[in-house]
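# Architecture at a glance
These are the residues of each chain, in order.
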Amino acid sequence: QVQLVESGGGLVQAGGSLRLSCAASGRGFSSYAMGWFRQAPGEDREFVAAISWSGGRTYYADSAKGRFTISRDNAKNTVYLQMNSLKPTDTAVYYCAADPGFKYGSSWWYEYDYWGQGTQVTVSS
């Protein structure tokens, strides 16, 4: 079993930055593709970014390209999401997710087996 715990959310003004972290417990983190998703009230869960098990491949939603950066530190069992130039439309609960099995990463939420509890990001205008 894998447990994922997100942190780093909060309230920030538009144009500001936040760095989300997702710490994984249990074995096998270095073999998991990891993804970040978000969900705003009344909206469907939305893909934000993904990173392959090795860290060699990354993928971004169009809304995140150029502003967000996903990275991972396998020695720390942690994946990060650096968010810059934040907009009010980025306001959502952000979730990290793990897809075991040496995958490249996916934008489809159903590909992921494990999910964190989420961290709230609120961007004020």
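Residues numbered from 1 in each chain as written. Predicted model: local features only at pLDDT ≥ 70, side-chain atom pairs only at ≥ 80, totals over all residues. Heavy atoms only, no water.

Looking now at the state of the cysteines. This structure, assessed with the given rule, holds 1 disulfide. Bridging Cys22 to Cys96, the disulfide has an S-S length of 1.9 Å. Torsion about the S-S bond of the Cys22 and Cys96 cystine: about 50°, corresponding to right-handed handedness. Within this pair, whereas Cys22 is found in strand 3 (residues 18-25), its partner Cys96 is found in strand 9 (residues 92-99), the two being separated by 74 residues in sequence. Given a relative accessible area of 0%, Cys96 falls into the buried group. (Disulfide = S-S within 2.5 Å. Helix = DSSP H or I, 4+ residues; strand = E, 2+ residues; numbered from the N terminus. Buried < 20%, exposed > 50% of the residue type's maximum accessible area, 1.4 Å probe, protein only.)

If you check the backbone angles, Ser85 has positive phi at about 50° while not being a glycine. As for its placement among the helices and strands, Ser85 is situated in the loop between strand 8 (78-83) and strand 9. Given the relative accessible area of 41%, Ser85 is considered partly exposed.

On to the sheet that holds strand 1 (residues 3-7). With respect to topology, 4 strands assemble into an open sheet ordered 1-3-8-7, the strand pairing being antiparallel. Taken across any chain shown, the strands that pair with only one partner, and hence form the sheet edges, are strand 1 and strand 7 (68-73). Between one strand and the next, the sheet's axes are offset by a mean angle of 15°, whatever the strand orientation. Sheet analysis places strand 1 next to strand 3, joined by 5 bridges and oriented antiparallel. Residue Glu6 lies in a different strand from strand 3, and its bridge partner there is Cys22. (Pairing = 2+ DSSP bridges. Axes fitted to C-alpha atoms, helices over the stretch in contact; angles between N-to-C directions.)

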